[in-house]
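One letter stands for each residue in the lines below.
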Amino acid sequence: MASISLKLYSSSPTLKLQHHSPTFLRKQLISFPTRPKLAAERTLPLSVAREVPAELSTVNDGAITNENKKNPGLVKDPIALWQRYVEWLYQNKELGLYIDVSRIGFSDEFVQQMEKRFEKAFRAMEGLEKGAIANPDEGRMVGHYWLRDPNRAPNPFLKNQIQNTLEDICNFANDIITAKIKPPSSPEGRFTQVLCVGIGGSALGPQFVAEALAPDNPPLKIRFVDNTDPAGIDHQIAQLGPELASTLVIVTSKSGGTPETRNGLLEVQKAFREAGLDFSKQGVAITQENSLLDNTARIEGWLARFPMFDWVGGRTSEMSAVGLLPAALQGIDIREMLTGAALMDEANRSTVLKSNPAALLALSWYWATDGVGSKDMVILPYKDSLLLFSRYLQQLVMESLGKEFDLDGNRVNQGISVYGNKGSTDQHAYIQQLREGVHNFFATFIEVLRDRPPGHDWELEPGVTCGDYLFEFLQGTRSALYANNRESITVTVEEVTPRSVGALIALYERAVGIYAFLVNINAYHQPGVEAGKKAAGEVLALQKRVLAVLNEASCKQPVEPLTLEEVAERCHASEDIEMIYKIIAHMAANDRALIAEGSCGSPRSIKVFLGECNVDDLYA
Ligand SMILES: O=P(O)(O)OC[C@H]1O[C@](O)(CO)[C@@H](O)[C@@H]1O
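Residues numbered from 1 in each chain as written. Predicted model: local features only at pLDDT ≥ 70, side-chain atom pairs only at ≥ 80, totals over all residues. Heavy atoms only, no water.

## A word on the overall build of the protein
Broken down by element type, the protein carries 19 helices and 17 strands. Burial status across the protein gives 51% buried among its 620 residues. Look at the contacts in the protein between residues 6 or more apart in sequence, and 73% of them connect residues 24 or more apart. Surface exposure of the protein reaches about 27600 Å², of which carbon and sulfur atoms provide 52%. (Helix = DSSP H or I, 4+ residues; strand = E, 2+ residues; numbered from the N terminus. Buried < 20%, exposed > 50% of the residue type's maximum accessible area, 1.4 Å probe, protein only. Contact = heavy atoms within 4.5 Å. Areas by Shrake-Rupley, 256 points an atom, 1.4 Å probe, with all protein chains shown as cover.)

So this is what it looks like as structure tokens:
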């Protein structure tokens, strides 16, 4: 195994990636199973069992599946159903939040069967909150709960770090909003826009919260660059136009080495240069201390730097600087978000199943998916502002639960797929299939009781408001699905406020944690993502070899157009000819390679060369 270097951040050192040939990686990929394993296939012992702290290893006595959960059938009698509703309804008065799991068909017997697993999961969550090493791969604690209750941090140093960072965020946001800190060359004399550069956990939470909570006229408007798509980045920059001069750019990356984020930064910095602006006076970094990004920001003297703690995972980082700084800059009450999350965490510490909202979700997920992800989770918020909740949950749930191995090293291929947009819009898209088509999902309705701020409502027909329709569509869909044996959970909040959004985030963070312990997997690592990142690095390395070969041929007199076979042979990568073809087709589509003969539609016909010979590169 060799290693390749990916240059990161303009003036920074390099990131080492493990080097596998693309062929090797392909072999790895095709060895993944192509269908979900059945429960009976899930306990093959492997020699890769990892050591797991005793307090984090949960019972692993095989999944409770359809065969042994003895589903007596969904309750259909209206009075019995009402009784079930009342019996299981969870209410949190301080949060104005309710959870209804009555339309999930678990039996009392199933709940009893699950008791031992829950006891262990509760103990494991307690250990985690006390600072157990919950990510054995990375030797890390998992402490996002401390962010909203610093008194729970395992030592005074961490407690101070959390409190000081929160103070710093509030002060900085206030200084920006009140124009105490000004952009150097903006005619407005104050910052008017925030451009967040980041991806995955470094973008999804801030995007969700902005959509849910930003006021109609925020002090700073927010935009995101969350991909390495050049056209997407150009679009954001074009939309900013002259306001680039009054844009605060927040670059967020826990690792400080994510290529998409690095590319976003370099593109934005180029736009600043072209506009004659000094990026460092408008740039803010949120990252781990001493990461490449942190070092770049320090050396270049950016406006501010905020820490990401190694004990906060990307997908649970919304209540850290990652989520709080962008939210505060939009005038969102971040202390209320933290309060909502703290109250939810408190409720989730109950060891009584019915009083623990996250446990109720985990129980329902386990029942609905047989504890093996056999059904998808469809998230249906009936409120436009919660549109991005499903996207946010997709990462939280799927990156946490989608695991090949359990904590004992058995191959389990766990996970629950998550998708959804919003009701009632989705009723006119895919609800038809949910009601009558393939039965491979359970739904979660997110209901918001308050339609509009007080005093703004009106009746669009006698006795009926627009919001009444939304309410009725939710209720109608819930009933229609249930009548056709489609199970659902309903999470109700009184209003979409910083407090209720904080609570929703904390609810799902904990539900994922508990569920992971129920099915005995590590929710806090993401080894699968690393494989994709490494494979991408390989393609980039191959592209550089292709370029060198083409350059050499293009510098000859006369120019020597090459067939794909010739390029592959000269790259010593004959097995990678398909990837070489794709690289060349991509370069040709972007005017960086010229097709001398043939066409990309018939790969064998192609002869290719570079438009320009770069003599310097020949001797590089
Ligand atoms: O914040 P970073 O380190 O740039 O990572 C971004 C995202 O990439 C991942 O590591 C993998 O997709 C996520 O877990 C994370 O949220």
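## Observations regarding the environment of Ala-210
Along the polypeptide, Ala-210 turns up in helix α5 (residues 204–213). With 145 residues separating them along the chain, Ala-210 and Ser-355 place their C-alpha atoms 31 Å apart. Residues within four places of Ala-210 in sequence aside, it is in contact with Ile-222 and Gln-330.

## A short note on the sheet that holds strand β15 (residues 488–493)
Strand order in the open sheet formed by six strands is β3-β4-β15-β14-β12-β13, and the pairing between neighbours is mixed. Pairing within the sheet leaves two strands with one partner each, and these edge strands are β3 (90–92) and β13 (418–419). Of the pairings in the sheet, the one linking strand β12 (residues 376–381) to strand β14 (residues 441–448) comprises six bridges and is parallel in character. Pairing of Leu-380 across the sheet is with Phe-445, part of β14. Where helix α14 (residues 466–483) meets the sheet, its contacts fall on β4 (97–100), β14 and β15, and the angle it forms with β14 comes to roughly 160°. (Pairing = 2+ DSSP bridges. Axes fitted to C-alpha atoms, helices over the stretch in contact; angles between N-to-C directions.)

## Notes on the packing of helix α3 (residues 108–129) against helix α11 (residues 357–369)
Between α3 and α11, the least distance of the axes is 11 Å, while the angle of their chain directions is 125°. With respect to their mutual orientation, α3 and α11 come out oblique. Considering how the two elements wind past one another, α3 and α11 form a crossing that is right-handed. Here Phe-110, Val-111, Met-114, Arg-117, Phe-118 and Phe-122 of α3 come into contact with α11, specifically with Ala-359, Ala-362, Leu-363, Tyr-366 and Trp-367. Among the residues forming the contact of α3 with α11, the class breakdown is 10 nonpolar, no polar and one charged. (Parallel < 35°, antiparallel > 145°, perpendicular 65-115°, else oblique. Left-handed = near helix turned anticlockwise from the far one by under 90°. Nonpolar A, V, L, I, M, F, W, Y, C, P; charged D, E, K, R; others polar.)

## Remarks on the confidence of the model for the protein
Within the protein, residue pLDDT values average 90, and 88% of them lie at 70 or more. Here helix α1 (residues 22–30) is the element of the protein with the lowest mean pLDDT, 32, and helix α9 (residues 321–329) is the one with the highest, 99. Here residues 1–8 is modelled with pLDDT under 50, and outside its nearest four sequence neighbours on either side it reaches 30 contacts, counting other chains as well. Low pLDDT (under 50) marks residues 10–60, which in the prediction has 104 contacts with non-local residues, meaning those over four places away or in another chain. (pLDDT = per-residue confidence, 0-100.)

## Quick word on the nonpolar core
Ranked by size, the top nonpolar core spans 114 residues in total, and within it Phe-118, Phe-208, Trp-365, Tyr-508 and Ile-514 carry the most contacts. When residues of this core are assigned to their parent elements, the largest contribution, 14 residues, is made by helix α15 (residues 498–518). When we break this core down by domain, the ones giving at least three residues each are domain 1 (78–135 + 337–525) and domain 2 (146–332). The contact partners of Tyr-508, leaving out residues within four places of it in the chain, are Leu-361, Trp-365, Ile-379, Phe-389, Leu-393, Leu-396, Thr-444, Ile-446 and Val-491. Judged by nonpolar contacts, the second largest core, of 20 residues, contains Leu-240, Val-251, Leu-265 and Leu-293. (Core = buried A, V, L, I, M, F, W, Y, C linked by side-chain atoms within 4.5 Å. Domains from an automatic or database assignment.)

## Some words on the site of the ligand
As a structural note, the neighbourhood of the ligand is formed by 15 residues, with Gly-201, Ser-253, Ser-255, Thr-258 and Glu-399 the closest of them. Between the ligand and Lys-254 there is a distance of 2.8 Å, counted from an oxygen atom to a backbone nitrogen or oxygen. Separating an oxygen atom of the ligand from a side-chain N or O atom of Gln-395 is a distance of 3.2 Å. Starting from 390 Å² of accessible surface for the ligand in isolation, the protein chains cover 87%. Listing elements by their share of the shell around the ligand, those giving two or more residues are α12 (389–401) and α16 (527–554). Among the residues forming the shell around the ligand, the class breakdown is two nonpolar, nine polar and four charged. (Near = heavy atom within 4 Å. Polar contact = N/O pair within 3.5 Å; in protein donor to acceptor, adjacent residues only side chain to side chain.)

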